[in-house]
Amino acid sequence: MECVFGLVGDGFALVAADSSAVNSILVHKSNEDKIMILDSHKLLGASGEAGDRVQFTEYIQKNVHLYEFRNGIPLSTAAAANFTRGELAQALRKSPYSVNILLAGYDKDIGPSLYYIDYIATLHKVDKGAFGYGSFFSLSMMDRHYHSGMSLKEAVDLVDKCIVEIRTRLVVSPPNFVIKIVDKDGAKEYAWRETIKDAEEPTA
Amino acid sequence: MARYDRAITVFSPDGHLFQVEYALEAVRKGNAAVGVRGTDVIVLGVEKKSTPKLQDSRSVRKIVSLDTHIALACAGLKADARVLINRARIECQSHRLTVEDPVTVEYITRYIAGLQQKYTQSGGVRPFGLSALIIGFDPYSGAPALYQTDPSGTFSAWKANATGRNSNSMREFLEKNYKETSGQETVKLAIRALLEVVESGGKNIEIAVMTKEQGLRQLEEAEIDAIVAEIEAEKAAAEAAKKAPSKDS
């Protein structure tokens, strides 16, 4: 039910994720932020077992920060992706983390990049990627409409197309999505796509 | 094997821990370091002994960040400092991971001092030969703080302090001249204290300023030179003013 997908555009990388936190049939909240800002120029979109997702991504974030303090410069996106994959691989044959990750980053020398890291520690550098049931729809949509060097507007339009597909075709589709981008100016939240807002104060 | 378990730091008959006192001697031989707390900034200054011509001076950083809001300078054995700084950096991130909050200056100082104390009470190890000046802003109250630790593992908070070579002269100067300052005035006070014991000039002093908004900023050599020139001018003006009134009588 959790959807995370992302793509690389012209000078930026984008990650979109649904924002529902679900436990069996109960929706805890519909504005859960599943795309962590790993450091100034990296995004980590994660989906999977709720506890594992937060525990693992926070652990990665703190270790990425520690590297930056120890060495005076931040990790490159490729290095961060390989570190993340290494941690997943280490835990795999003991007590695996059930987390799927899309790591997007911007490096000054090589530009934007996106890494697909799944729960059994597969690592691929990709132009577009997706996880979850939503991937059936978003990957097809991206295969049809994606081309390299898309502008931000084109990319967000494609993301919206994917969200429409997920909403219409997935039986229990998540109502809300968050979109974050990373470019030369850093990682930031771009927009929310909400169909259900938090309940307002009841009026008399 | 059992013979090497004996502590290196044992009590003397008159209650001294000589290893700790010898470690303090090592600190006294280290480069001068000063810290001054202002109302909205905290300044750390360190003496830079002359760099060998072939050395890349950028690889010798004496004032380091432990976290985005905490910095440290020290006097004494630099290799010991590297070990303590690494442990402190890990603790800063570990604290953020377990309690989702940044450390307070007092917490990380207590942690570093605790490490230093452990090595005065363990078998086969010697104390860390350094005193650290730790600065930062409290993440909750926003108040600036300056702490000092020493090889015995004691720590306390200070408005201004100095350690290392000639620290007594610097401390005396600070005691005479300290007042609540902010911004550039705090930087000047720290540099004036350092200039008491160090040859003047931007290339002999390393200064870093911590502000709440921007964290730690290392000053460029040119900036330091400019402030030193200001200080010298102020000193010259004060000297001239002292001489002038006596002429009128």
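To keep things clear, this report deals only with the structure shown in the data block. The structure displayed is predicted, hence computed values, not measured ones. (Residues numbered from 1 in each chain as written. Chains lettered and ligands numbered in written order. Predicted model: local features only at pLDDT ≥ 70, side-chain atom pairs only at ≥ 80, totals over all residues. Heavy atoms only, no water.)

Once that is clear, we can look at the sheet that holds strand β6 (residues 144-149) of chain B. All names here are of chain B. In space, the 5 strands of this open sheet follow the order β3-β4-β5-β6-β7, with antiparallel pairing throughout. Each edge of the sheet is formed by a strand with only one pairing partner; in this case those strands are β3 (63-67) and β7 (155-157). Each adjacent strand pair in this sheet contributes to an overall mean axis angle of 25 degrees, direction not counted. As defined by bridge partners, strand β4 (residues 70-76) adjoins strand β5 (residues 130-137) across 7 bridges and the pair is classed as antiparallel. From the neighbouring strand, Ile 70 faces β5, where its bridge partner is Gly 136. With respect to the sheet, helix α2 (residues 78-99) is in contact with β3, β4 and β5, its orientation differing from that of β3 by roughly 25 degrees. (Pairing = 2+ DSSP bridges. Helix = DSSP H or I, 4+ residues; strand = E, 2+ residues; numbered from the N terminus. Axes fitted to C-alpha atoms, helices over the stretch in contact; angles between N-to-C directions. Contact = heavy atoms within 4.5 Å.)

Enumeration over the complete set of coordinates arrives at 5 aromatic pairs over all chains. Between Phe 56 of chain A and Tyr 97 of chain A, the ring centres sit 4.6 Å apart and the planes meet at 45 degrees, which makes this aromatic pair tilted. Taken together, the residues span a long stretch of sequence, with Phe 56 of chain A in helix α1 (residues 50-71) and Tyr 97 of chain A in the loop between α2 (77-92) and β7 (99-107) at a distance of 41 residues. Classification of Tyr 97 of chain A as partly exposed rests on a relative accessible area of 25%. When the centroid spacing of 6.2 Å and the interplanar angle of 50 degrees are considered together, the rings of Tyr 147 of chain B and Phe 155 of chain B count as tilted. You can call Tyr 147 of chain B buried: its relative accessible area is 14%. The class of Phe 155 of chain B is partly exposed, set by a relative accessible area of 30%. (Phe/Tyr/Trp six-rings, centres within 6.5 Å; stacked < 30°, edge-to-face > 60°. Buried < 20%, exposed > 50% of the residue type's maximum accessible area, 1.4 Å probe, protein only.)

At 3.6 residues per turn, the α-helix brings residues three or four places apart onto the same side. Helix length check: helix α1 (residues 18-29) of chain B, at 12 residues, gives a terminal C-alpha distance of 17 Å against a target of 16 Å (1.5 Å per residue), a fit within 8%. Where α1 of chain B is buried, its residues contact β4, β5 and β8 (160-163) of chain B. (Expected span 1.5 Å × (residues − 1).)

Let's shift gears to the pairing of strand β2 (residues 41-47) of chain B. Residue and element names in this part refer to chain B. A large share of β2 lies buried, amounting to 7 of its 7 residues. Both faces of β2 are covered, namely the face carrying Val 41, Val 43, Gly 45 and Glu 47 and the face carrying Ile 42, Leu 44 and Val 46. Strand direction decides the pairing type here: strand β1 (residues 33-37) and β2, joined by 5 bridges, are antiparallel. Across the sheet, the residue bridging to Val 34 is Gly 45, located in β2.

Within the largest apolar cluster, 38 residues are counted, with the highest numbers of intra-cluster contacts made by Phe 5, Leu 14, Met 142 and Val 159 of chain A. Those elements that place two or more of their residues in this core are β1 (4-8), β2 (12-18), β7, β10 (128-131), α3 (134-145), α4 (152-169) and β11 (177-183) of chain A. Val 34, Met 170, Leu 174 and Val 228 of chain B belong to the second largest nonpolar core, which has 27 residues in total. (Core = buried A, V, L, I, M, F, W, Y, C linked by side-chain atoms within 4.5 Å.)

Residues and elements named next belong to chain B. With respect to the helices, strands and loops of the structure, Gln 148 is situated in strand β6. Separated by 15 residues in sequence, Gln 148 and Thr 163 have C-alpha atoms that sit 8.8 Å apart. Leave out the neighbours within four places in its chain, and Gln 148 touches Ser 131, Ala 132, Leu 133, Thr 154, Phe 155, Ser 156, Trp 158, Asn 161, Ala 162 and Thr 163. Reaching out from Gln 148, the side chain makes a polar contact with the side chain of Asn 161 at a distance of 3.1 Å. (Polar contact = N/O pair within 3.5 Å; in protein donor to acceptor, adjacent residues only side chain to side chain.)

A word on unusual backbone geometry. In terms of backbone geometry, most residues other than glycine have negative phi values and most peptide bonds are trans. Located in the positive-phi region is Ser 24 of chain A, a residue other than glycine, with phi close to 55 degrees. Note on placement: Ser 24 of chain A falls in the loop between β3 (21-23) and β4 (26-29). One non-glycine residue with positive phi stands out, namely Asn 166 of chain B, at about 55 degrees. Assignment of secondary structure puts Asn 166 of chain B in the loop between β8 and α4 (167-177).

Position of Glu 58 of chain A relative to the elements: it lies in helix α1. No salt bridge is formed by the buried Glu 58 of chain A; the nearest opposite charge belongs to Lys 62 of chain A, separated by 5.9 Å. Discounting residues that sit within four places of it in the chain, Glu 58 of chain A has contacts with Met 36 of chain A together with Leu 97 and Glu 100 of chain B. (Lys, Arg positive; Asp, Glu negative; His and termini not counted. Salt bridge = Lys/Arg side-chain N within 4 Å of Asp/Glu carboxyl O.)

Per the stated rule, a full pass over the model turns up 23 salt bridges over all chains. The closest approach of N and O atoms between Asp 160 of chain A and Arg 193 of chain A, which form a salt bridge, is 2.6 Å. Pair noted here: Asp 160 of chain A is in helix α4 and Arg 193 of chain A is in strand β12 (residues 186-193), with a separation of 33 residues, a long-range link. When the shortest N-O distance is used, the salt bridge between Arg 110 of chain B and Glu 106 of chain B registers 2.9 Å. You can see Arg 110 of chain B and its partner Glu 106 of chain B sitting in helix α3 (residues 105-118), 4 residues apart, about one turn around the helix. According to the relative accessible area criterion, Arg 110 of chain B is partly exposed, its value standing at 41%. For Glu 106 of chain B, a relative accessible area of 31% corresponds to the partly exposed category. Linked through salt bridges whose partners overlap, the residues forming this network are Glu 185, Lys 188, Glu 230 and Glu 234 of chain B.

Residue and element names in this part refer to chain B. With respect to the helices and strands, Thr 120 occurs in the loop between α3 and β5. If we ignore the near neighbours within four places in the chain, the residues touching Thr 120 are Thr 9, Val 20, Pro 127, Pro 151 and Ser 152. Within polar-contact distance, the side chain of Thr 120 engages the backbone oxygen of Gln 117 at 2.6 Å.

For interface size, the figure often reported is the accessible area lost on association. The partner chain B presents 11 residues to the 7 residues of chain A that form the contact. Interface of chain A and chain B: buried area, both sides summed, is about 880 Å²; carbon and sulfur atoms make up 63% of it. Together, Lys 62, Phe 69 and Arg 70 of chain A form the three largest contributors to the area buried by chain A at its contact with chain B, with a combined 67%. Summed over the shared surface of chain A and chain B, the result is 0 salt bridges. (Buried area = accessible area lost by both parts, 1.4 Å probe.)

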